[in-house]
Amino acid sequence: CIDALNAGMHVYCEKTLIKGITETQNVLDTYNKTNGVIFQTGHQYNSSDCYKKVEKIVKSGYLGDITGFLCQWNRNGSWRRPVPDPKWERMINWRMYKEYSGGLVAELCSHQIDFINRVLGQYPKRISGFGGIDHWKDGRETYDNIRLNFEYPDGTDANFMCTTTNSYEGYKIKILGSNGTIVMDTHKAEIFMENKTLKKHGIVDGVSGATMQAWKKGQGAPIEASNENITLQAFEQFYQSITEDATVYADLESGAQTAKCVQMSLDAMYESKIAYWKDYPELMF
């Protein structure tokens with residue numbers, strides 16, 4: 001990434017941006033020396049039409065006061081790849097080793113962390129968490145299951161669960177508001193209203209009769225959005241940022257701040273502590 005910046009090239013950098021606070025700042029310092037270079041971080045869900053619409057709904061106040069986020073990304077598989085010679089173990093299975101990888105936090109949870117930071121327009125005040133190697137006892141160092149708790153400055157909580165031993169319901173983000181809930185997966189979302197707000201929302205927002213009946217039965221109403229491949233959408237936006245001066249949706253700053261959240265999460269788990277935002281260096285842009 002730094003080599004590409006030093007060569008004056010536009011950069012699309014896979015998430016998580018970088019591992020470590022100092023290393024993240026090194027990328028920022030290099031970028032600040034460039035002129036007119038476009039930098040996009042690979043948190044491709046920022047490019048999703050569905051996610052943009054959910055963000056707009058939340059920020060409109062339609063869900064009422066947002067009190068929490070419940071996030072999960074569960075899979076059933078070891079992530080281990082075959083190794084033809086033991087000397088290549090750490091290179092091929094780099095995700096298993098702390099030297100190279102942030103494990104489940106960096107590889108999966110970072111997408112959801114980045115999205116929540118964007119929706120709230122805040123970064124977590126403190127982070128706690130735990131995890132372990134409780135199933136895939138194969139010499140790996142990174143955890144095969146984790147739990148994280150984020151507290152934001154306005155009091156909103158976000159909880160993250162990620163495991164490699166059970167894939168039930170896979171990927172989910174639940175946004176909990178005083179008037180309703182949005183349940184998201186990777187490509188679509190539904191909105192569920194609280195019973196006490198059904199009459200109000202039926203009149204004020206002009207929802208359809210079918211939607212109102214669904215809500216009364218405890219069912220969700222789909223949020224209409226494009227179902228295009230979000231990675232392709234992200235690449236298209238990167239191209240448009242270069243050729244048309246379009247907005248960079250997952251820019252360097254958001255990627256860097258998410259990388260800071262990832263490092264805080266790792267420290268909280270590995271060191272059995274609460275990690276406070278104020279105790280970490282502020283990234284200089």
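For clarity, every value in this text was computed on a predicted model and none was experimentally measured.

Rules of the game
- Residues numbered from 1 in each chain as written.
- Predicted model: local features only at pLDDT ≥ 70, side-chain atom pairs only at ≥ 80, totals over all residues.
- Heavy atoms only, no water.
- Phe/Tyr/Trp six-rings, centres within 6.5 Å; stacked < 30°, edge-to-face > 60°.
- Buried < 20%, exposed > 50% of the residue type's maximum accessible area, 1.4 Å probe, protein only.
- Helix = DSSP H or I, 4+ residues; strand = E, 2+ residues; numbered from the N terminus.
- Polar contact = N/O pair within 3.5 Å; in protein donor to acceptor, adjacent residues only side chain to side chain.
- Contact = heavy atoms within 4.5 Å.
- Pairing = 2+ DSSP bridges.
- Arc of directions from axis to C-beta.
- Axes fitted to C-alpha atoms, helices over the stretch in contact; angles between N-to-C directions.
- Parallel < 35°, antiparallel > 145°, perpendicular 65-115°, else oblique.
- Left-handed = near helix turned anticlockwise from the far one by under 90°.
- Nonpolar A, V, L, I, M, F, W, Y, C, P; charged D, E, K, R; others polar.
- Salt bridge = Lys/Arg side-chain N within 4 Å of Asp/Glu carboxyl O.

Student: What should I look at first to understand the packing of aromatic side chains in this one?
Tutor: Any pair of aromatic rings gets described here by the distance separating the centres and the angle formed by the planes. The final tally for this structure, using the stated rule, is twelve aromatic pairs. Residues Tyr-45 and Tyr-51 carry aromatic rings whose centres are separated by 5.3 Å and whose planes lie at 35 degrees to one another, so their mutual orientation is tilted. In this structure, Tyr-45 and Tyr-51 share a single accessibility class: buried. For the pair Tyr-45 and Trp-73, a centre-to-centre distance of 6.4 Å together with 80 degrees between the ring planes defines the contact as edge-to-face. With Tyr-45 in the loop between β2 (39-41) and α3 (49-60) and Trp-73 in strand β3 (residues 66-74), this pair connects stretches of sequence that are 28 residues apart. For Trp-73, a relative accessible area of 9% translates into the label buried. Members of the aromatic cluster, each reached through a chain of ring pairs, are Tyr-45, Tyr-51, Trp-73, Phe-115 and Tyr-171.

Student: When you look at the side chain of Gln-122 in this model, what are you seeing that I'm missing?
Tutor: Along the chain, Gln-122 turns up in the loop between α5 (103-120) and β4 (126-132). Within the local environment of Gln-122, its side chain forms a polar contact with the side chain of Asp-154, the two groups lying 2.8 Å apart. Residue contacts for Gln-122: discarding those within four places in its chain leaves Asn-117, Tyr-152, Pro-153 and Asp-154.

Student: Sorry, what's going on with the sheet that holds β4 here?
Tutor: Whenever strands of a sheet pair, they do so through backbone hydrogen bonds, lying parallel or antiparallel. Here we have nine strands laid out as an open sheet, ordered β10-β9-β8-β7-β3-β6-β5-β4-β11, and mixed in their pairing. The sheet terminates laterally at β10 (221-222) and β11 (275-276), the two strands that pair on one side only. Here seven bridges tie β4 to strand β5 (residues 145-151), and the two strands are oriented antiparallel to one another. Bridge assignment links Phe-130 to a residue of β5, and that residue is Arg-147.

Student: Would you mind going over the side chain of Asn-74 with me for this structure?
Tutor: Assignment of secondary structure puts Asn-74 in strand β3. Residue class for Asn-74 comes out buried when judged on its relative accessible area of 7%. Discounting residues that sit within four places of it in the chain, Asn-74 has contacts with Met-161, Cys-162, Thr-163, Asn-166, Ser-167, Tyr-168 and Gly-170.

Student: So what exactly am I meant to see when it comes to helix α7 (residues 209-216) here?
Tutor: Helical periodicity: at 3.6 residues per turn, an α-helix aligns residues three or four positions apart in one direction. Residues of α7 that are buried: Thr-211, Met-212, Ala-214 and Trp-215. Projected down its long axis, α7 shows its buried positions confined to an angular sector of 160 degrees, all on one face. Among the exposed residues of α7, those oriented more than 90 degrees off its buried face are Ala-210 and Lys-216. Looking one or two places after α7, you find Gly-218, whose phi comes out positive at around 80 degrees.

Student: Hey, could you run me through the packing of α3 against α5 in this one?
Tutor: To describe two helices that pack against each other, one gives the angle between their axes and the distance between the axes. Where α3 meets α5, the axes come as close as 9 Å, and the angle between the chain directions of the two elements is 40 degrees. Here α3 lies oblique to α5, going by the angle between them. At the point where α3 passes α5, the crossing takes the right-handed sense. Residues Tyr-51, Val-54, Glu-55, Val-58 and Lys-59 of α3 pack against Phe-115, Arg-118 and Val-119 of α5. Of the residues belonging to the contact of α3 with α5, the class tally is five nonpolar, no polar and three charged.

Student: Explanation requested: the pairing of strand β6 (residues 157-163) in the structure shown.
Tutor: Look at any regular strand and the pattern is simple: side chains alternate between the two faces of the sheet. As defined by bridge partners, β3 adjoins β6 across seven bridges and the pair is classed as parallel. Residue pairing across strands places Cys-71 opposite Phe-160, the latter belonging to β6. Inspection of the sheet shows β5 paired to β6 by seven bridges, in the antiparallel sense. Across the sheet, Arg-147 pairs through a bridge with Met-161, a residue of β6. As consecutive antiparallel partners, β5 and β6 are separated by five residues, and within that stretch Gly-155 has a phi angle of approximately 95 degrees, a positive value.

Student: Looking at this structure, I do not really get the pattern of salt bridges. What am I missing?
Tutor: A pair can form between side chains of opposite charge whenever their charged atoms are brought close. The full count for this structure, using the stated rule, is 15 salt bridges. Between Lys-15 and Glu-107 there is a salt bridge, and its shortest N-O distance comes to 3.9 Å. Taken together, the positions of Lys-15 in the loop between β1 (11-13) and α2 (21-32) and Glu-107 in helix α5 put the pair 92 residues apart, joining distant regions of the chain. Its relative accessible area of 10% is what places Lys-15 among the buried residues.

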